[in-house]
Amino acid sequence: MTLGLVPRFVKIFLFIGLMLLSTSLAVIFPLHTVEGLGSGVTKTVLDNGLTVLIKEIPTAPVVSLQVWYRVGSRHEPKGENGIAHQLEHLMFKGTKSRPVQFGQLFYALGSSSNAFTSYDMTAYHHTVRADQLEPLLILEADRLRNILMTPDALESEKRVVISELQGYENSPEYRLSRAVLAALYPHHPYGLPVGGTASDVEQFTLPAVNSFYHQYYRPDNAVVVIAGDVRPPRALELVKKTFGQIPRPTDPLKSPSLPPPTAGQAQRIRLTEPGSAPLLQILVPIPAMTHPDQAALDVLDMLLSGGRSSYLYQELMETGQASSAYSYVAALQAGGWFEIGAIAAPEQSLETIEQTIHQILNQLAERPLSAAELQRAKQQLKANFILRNRDIDAQASQLANDETLTGDYRFSDRHLAAIEKVTAADVQRVVQTYFGRDRWIVGEFIPSEFADVELSGRPGAQTTAHNLVGEPVDPQTIAAYLPQGSGQAAPEVKSNGVETFTLKNGLRVLLLVDRSTPTITLAGRIDAGTAYDLLTQPGVANLTAANLLNGTRRKNALTLAQTLEDRGISLEFSAFRDGVDIEGYALASELPTLLQTLGEVLQEATFPESEFQLSQQRYLTALSLEADDPVRWGRRVLQETLYPANHPLHPFATPESVQAIQRPDLLNFYRAAYTPDHTILTLVGDFDPVEVRSRLNEIFGSWQPQTDPLSLTFPAVSPPEQTLFKNAVIAGKSQAITYLGTPGIDRRDPRFYAAMLMNHILGGDTLASRLGTEIRDRQGLTYGIYSFFSASRQAGPFIIQLQTAPEDTAKAIQATLQLLRDAHRQGFTAAELGAAKRSLSNTYLVELANVDVVARTLVGNASVDLPPEELQQFSDRLQQVTLDEVNHTLRDLIDPERLVIVTAGPSVSFSP
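Just so you know, these numbers come straight off a predicted model, no measurement behind them.

Before going further, it helps to examine the overall build of the protein chain. Secondary structure summary: the protein chain contains 31 helices and 25 strands in total. Computed over the C-alpha atoms, the radius of gyration of the protein chain is 27 Å, within 12% of the 29 Å expected from 2.2 N^0.38 for a compact globule of 912 residues. The principal-axis extent of the C-alpha atoms belonging to the protein chain is close to 70 × 70 × 60 Å. Classification of the 912 residues of the protein chain by burial places 62% in the buried group. Here the contacts in the protein chain between residues at least 6 apart in sequence split such that 84% fall between residues at least 24 apart. With an accessible surface of roughly 32,800 Å², the protein chain has 49% of that area assigned to carbon and sulfur atoms. Charge separation in the protein chain, taken as the distance between the mean sites of 76 positive and 99 negative side-chain charges, equals 3 Å.

This is the structure:
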C-alpha cells in the first residue's frame, strides 16, 4: 500500500519492464464471497511440457495473451546480474524468419504489448482484438526458440539497458532500495537489482546471452495464458498449432542450486547524496509466498497503510512527521520482505519517524486488533480484488503469476480462504515473529545538498547529424512478416447506451449501465484546475482539491475516511490544468454511500486549519521532489518557456507561492470554482438508472453557485522565432531527460484526428514509430522516446520526450531534429498512414474493454462539449483522414527550426 506523496521507485526493484515500469503484481486476494479467480479456467499441459491456461471472459471482443517464463534475475550466474533483463530486450529484436523489430509487428496488430522481468519470472503480455489471437501466438512461438542474436543487436540494446539503468539512478529512492536490499540478502540474488548494473551489462557477451536463452526459454519452462472473448477448444487448438510444434529439448531443465535466502544481520544503511528530501526504508525478511503466514501479512499491510484510517497515516502523516508513508509485502517464490517507508516532512527527523513506526508495531504486537479494524482491512482487500479483476489483462496476469510461481493457478482462491480465517491473534503473532528490531534493515537517505536547479542556455559544442538518420520503416515490409489473422471483420464499438441529462442547476450527468461485474466506476471533472492559478496564488487550485476530503460540516477527516474505507470505497480528487478529476470506485451495493459522500464534500467542505497546514507542508515536500526529478522539472521548464507569463499554462507553484497561501484563499476558490454548472459526473457500472437519477437530484439538486463565475483568457501562442535550448542542471543525476516542444491544438480543432495519426506515425509508439525505430532501436541512443500532445478545451503543447546518457544527448537531439526535417520535406507515406489507422482503431477497441477507460473517455469528451456518440465514431473519423491532411498537419504544427528544447538532469553541451 502507498499513502500520500508516493516514492516513484518504491517497487522498481520488483519488476523491470522493457518500455515502462510494470505495476506491481503483488497478490491482493478476495474473500470467500467472491467467485474464485480460477473458476472457468481450462488447464492443459502439452506433450512438449508447455502449460496452457484458457479462460473465457465474453465481456468485450478482446483477448489477453500472456507468455511467462520461469526465469528471472534469481537464476543469473554470478557476475551476470541483469542478463535476464537484457534477454527480455533482445526478444524484441527479431527472429531468423522475421528479422524485424517485433514491436512493429505488435503495433501492426493493434496490440497493447509490453514485457517485464522480475526475480522469479519474465513475462510478455498483450491485449488485442479477439480475432488477432492467432497472429500473436505465431509471433510468440517464433521468438520462443528462434530469436536472431547479432553482435550489433546486443551492443545496441546494451546501450538502451544502460540508459534505462541510468534513469533509475536518478532516483534517491532507487539508490537507497538497492543498498538496503543488498544488506538484507547479501548472499542471494534477491539482494541484487533485477535490471542489473551497468558494469555487468557492459560485459555481457553474445555466447553468454545465447546460452541463457537456450537454457531457460523452452516450452517446458513456460506458461501461456489466454483470457477474454475466446472459445477454449478453439484457443487450445491454436496453441497446439503454434507452440505445440516446438519440441521439448532433450537436455533436462537445469536451474542454479541456491539455498533459501538468508537475511543478513540487522544493520543501518545511510546514504548522504544530492537529493530533495530525507527518506526512510525499513525491511524485514519474510518467508516465501506460499507460507501460511502470508495471509496475515497481507492483512497487516492493509492495516498499516490501507487508506487514511490506517496506522501509518494517522501516526505519521496526521501528526506532520511524514509527507508520505507506505508499506507493502514483497512475497517471492523463495522468500521476500516486508517494507515500511516514509518521506520526512520539512524539519522532521528520520529518527522520530523510525521511533513512531517502532511504537506502532509494538502496539500491534501487544494489543489485539478490534473487530472493526480487522473487518475494515478484509473489506478493503475484497473490494480491491473485485475492482482490479474487472480488467481482462489483470485476470490473465494473476492466473499466470499464480501458475508460474506456485504451480497452481487456483493459488489465489486458496489464499483468499486463508485471509478470511485471519484473526486478530494471527496479526499479532506475525508482528511478534517477523518485526523484532534484531531483524530490521534500516535505510536512511540524507540529502547532502537540496536540489539546486541551474538554467543554462549557453551554446555547447556543435554536433553534426551526418549519417544519423536511416530510412523510415516501410509498413509494407512489416506486413510481409506479419502472420494473418482469422479474416473476421473488425468488431464495432457497441451502441453505448449512454443516458445524459442536466440538473436544473447545470450539473451534467452521463450514465452507462454495465452489468458485467458488480462494481461502479465514477469519473468526473470540475472546471477548477490549476489554469486558474493565474487568477489566484499558484498552488491554490491544487491545495483546494487536496483538502476536499479533510472535513465537512458533518464529518471530520477521519470519519469521512472510515465511512469510505469500511465499505472498500475509493474516492479521490486530482487537480490538473484542465480541471479537477474525480475518481471513485466501489462495489455496486455501496453506490449510495459513494454518491452521498461526493455530494457532501462538493457542497459542504470546511477546510479545517490544522488539515490545511498539513497539506501545505506535504505540497512543499512535493515541490522539493519535483525539483529533484528531471522528468517533472524538465516539463515545467519547457512549459514556462513555451508560454508567456500571462498565459494560464505558464504559472507553476513555487515554495514561496505555496507558503503564502492561507485557508481563506482555499475557501474563496472553492466557492467560486466548485459550482454545479462547471461539473460533469459519469457513472459506469451495475446500477438502476431510474434510482440513480432520483438519488442525484436529491443529493445535488439544491447545489447552487455562490459567487460570479471565474473566467480565463488563453492568448494565442506562437513558437519561438528560432529554436531555444535550456539545460536545467540538477545535482546527482546520471541520465538526461529532454523535451522538444511547440504550441499545439485544442480538442475541437478540425485537425485533431489528423494530428492523432501524425503523432502516432512520428512517435506515438516507442518501438514502432519513426522516432522509436531510428533513435531507440537503430541507434540505441535512448531507452524511450515518444511524442504526444495535450488537446482539451484549450490548446496544450506538442512534445517529444527522450531519455539519454549525458554523452549521447546532443547526438540524440540532433538525430531527432534531422528526422523532423526529413519528415517535413518528404512527408509520411500512404503505407504508414494505413498502418497508423489500423493500429489506433484496434487499440481504441482494446482500451474500451476497460470500464474505467470508458468512463474517463466519456468525461473527457463531455468536457469539450462532444456528444456521447463520439465514443462510437472515433474509428470512422480516423478512416476519413487523408494523407495530405496528415502531412499538412505535421508542417502546420511542428517547425524543426522553431522549437523549445529543454534537457534536465546532468550538464550537457548542445547548440541548436
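Further remarks concern the packing of helix α3 (residues 133-145) against helix α8 (residues 232-242). Two elements in contact, α3 and α8, have axes separated by 9 Å at closest approach and are oriented at 30°. Looking at the two axes, α3 sits roughly parallel to α8. The hand of the α3/α8 crossing is right-handed. Facing Leu133, Glu134, Leu137, Ile138 and Ala141 of α3, the residues of α8 in contact are Arg234, Ala235, Leu238, Val239, Lys241 and Thr242. Here the residues of the contact of α3 with α8 are counted per class, giving 7 nonpolar, 1 polar and 3 charged.

Time to look at the sheet that holds strand β19 (residues 579-587). Here 6 strands make up an open sheet; going across it, the order is β15-β16-β20-β17-β19-β18 and the pairing mixed. Where the open sheet ends on each side, the last strands, each with one partner, are β15 (499-502) and β18 (570-576). Direction aside, the axes of adjacent strands within the sheet are offset by 15° on average.

Confidence in the prediction of the protein chain, expressed as mean pLDDT, is 90, and 92% of residues score 70 or more. Averaged over each element, pLDDT in the protein chain is lowest for strand β1 (residues 2-4) (44) and highest for helix α19 (residues 591-604) (98). For the stretch residues 1-13, pLDDT sits under 50, and the model shows 60 contacts to residues farther than four places along the chain or on other chains. Here residues 458-470 is a poorly scored stretch, pLDDT under 50, and it has 33 contacts once near neighbours within four places are set aside; other chains count.

All chains considered together, the criterion is met by 26 aromatic pairs. Relative to Tyr217, the ring of Tyr213 has its centre 5.5 Å away and its plane inclined at 45°; by these criteria the two rings are tilted. Of the two residues examined, Tyr213 and Tyr217, each falls in the buried class. Ring-pair connections join several aromatic residues into one group, and the members of that group are Tyr69, Phe92, Phe102, Phe106, Tyr124, Tyr213 and Tyr217. Sitting over the face of the ring of Trp440, Arg437 holds its NZ or CZ atom 4.3 Å from the ring centroid. The ring of Phe501 carries the charged tip of Arg693 above its face, separated from the ring centre by 4.2 Å.

Bringing the pairing of strand β4 (residues 51-56) into the picture now. Within β4, 5 of the 6 residues are buried, which leaves the element mostly enclosed by the surrounding structure. With 6 bridges joining them, β4 and strand β8 (residues 222-228) adopt parallel strand pairing. The residue of β8 that forms the bridge with Glu56 is Gly228.

On to helix α30 (residues 870-879). Residue pairs three or four apart in sequence face the same way in an α-helix, which turns once every 3.6 residues. Among the residues making up α30, those that are buried are Glu870, Leu871, Phe874 and Leu878. For α30, the buried positions fall inside an angular range of 85° around the axis, keeping them on one side.

Running from N to C, helix α20 (residues 609-627) and helix α21 (residues 630-642) cross one another at 90°; their axes reach a closest spacing of 6 Å. Considered as vectors, α20 and α21 are oriented roughly perpendicular to each other. Counted together, Ala622, Leu623, Leu625, Glu626 and Ala627 of α20 and Arg632, Trp633 and Arg636 of α21 form the full contact between these two elements.

Looking now at the side chain of Gln428. Take Gln428: it is sitting in helix α15 (residues 424-434). Owing to a relative accessible area of 15%, Gln428 belongs among the buried residues under this scheme. Polar side-chain contacts of Gln428 include one of 2.9 Å to the backbone oxygen of Ala365. Aside from chain neighbours lying at most four places away, what touches Gln428 is Leu364, Ala365, Glu366, Arg367 and Pro368.

Our next topic: the pattern of salt bridges. All chains considered together, the criterion is met by 56 salt bridges. Arg437 is paired through a salt bridge with Glu354; the nearest N and O atoms lie 3.1 Å apart. Here Arg437 is found in the loop between α15 and β13 (441-450), whereas its partner Glu354 is found in helix α11 (residues 350-366), with 83 residues between them in sequence. Using a relative accessible area of 36% as the deciding quantity, one classes Arg437 as partly exposed. According to the relative accessible area criterion, Glu354 is buried, its value standing at 6%. With its nearest N and O atoms 3.7 Å apart, the salt bridge here joins Arg553 to Glu604. Note that Arg553 is positioned in the loop between α17 (540-546) and α18 (557-565) and Glu604 in helix α19, a separation of 51 residues in sequence. When its relative accessible area of 14% is taken as the criterion, Glu604 is described as buried. Taken together, the salt bridges that share partners define one network made up of Arg268, Arg270, Glu354, Arg437 and Glu444.

Further remarks concern the environment of Tyr107. Along the chain, Tyr107 falls in helix α2 (residues 102-108). Of the residues examined, Tyr107 reaches a relative accessible area of 9% and is grouped as buried. Separated by 693 residues in sequence, Tyr107 and Ile800 place their C-alpha atoms 19 Å apart. Other than its neighbours up to four places away in sequence, Tyr107 contacts His760, Asp765, Ala768, Ala835, Ala836 and Ser839.

Glancing now at the side chain of Thr122. As for its placement among the helices and strands, Thr122 is situated in strand β7 (residues 122-129). Thr122 sits in the buried class, given a relative accessible area of 0%. Within polar-contact distance, the side chain of Thr122 engages the backbone oxygen of Val71 at 2.8 Å. In this structure Thr122 touches Val67, Trp68, Tyr69, Val71, Gly72, Glu88, Phe116, Thr117 and Tyr217, once residues within four positions along its chain are discounted.

Burial in helix α14 (residues 411-420) covers these residues: Phe411, Ser412, Asp413, His415, Leu416 and Ile419. Where α14 is buried, its residues contact α9 (294-305), α12 (371-388) and α13 (392-406).

So, how was this worked out
- Residues numbered from 1 in each chain as written.
- Predicted model: local features only at pLDDT ≥ 70, side-chain atom pairs only at ≥ 80, totals over all residues.
- Heavy atoms only, no water.
- Helix = DSSP H or I, 4+ residues; strand = E, 2+ residues; numbered from the N terminus.
- Rg over C-alpha atoms; globule rule 2.2 N^0.38 Å.
- Buried < 20%, exposed > 50% of the residue type's maximum accessible area, 1.4 Å probe, protein only.
- Contact = heavy atoms within 4.5 Å.
- Areas by Shrake-Rupley, 256 points an atom, 1.4 Å probe, with all protein chains shown as cover.
- Lys, Arg positive; Asp, Glu negative; His and termini not counted.
- Charge placed at Lys NZ, Arg CZ, Asp CG, Glu CD.
- Axes fitted to C-alpha atoms, helices over the stretch in contact; angles between N-to-C directions.
- Parallel < 35°, antiparallel > 145°, perpendicular 65-115°, else oblique.
- Left-handed = near helix turned anticlockwise from the far one by under 90°.
- Nonpolar A, V, L, I, M, F, W, Y, C, P; charged D, E, K, R; others polar.
- Pairing = 2+ DSSP bridges.
- pLDDT = per-residue confidence, 0-100.
- Phe/Tyr/Trp six-rings, centres within 6.5 Å; stacked < 30°, edge-to-face > 60°.
- Lys NZ or Arg CZ within 6 Å of the ring centre and 35° of its normal.
- Arc of directions from axis to C-beta.
- Polar contact = N/O pair within 3.5 Å; in protein donor to acceptor, adjacent residues only side chain to side chain.
- Salt bridge = Lys/Arg side-chain N within 4 Å of Asp/Glu carboxyl O.

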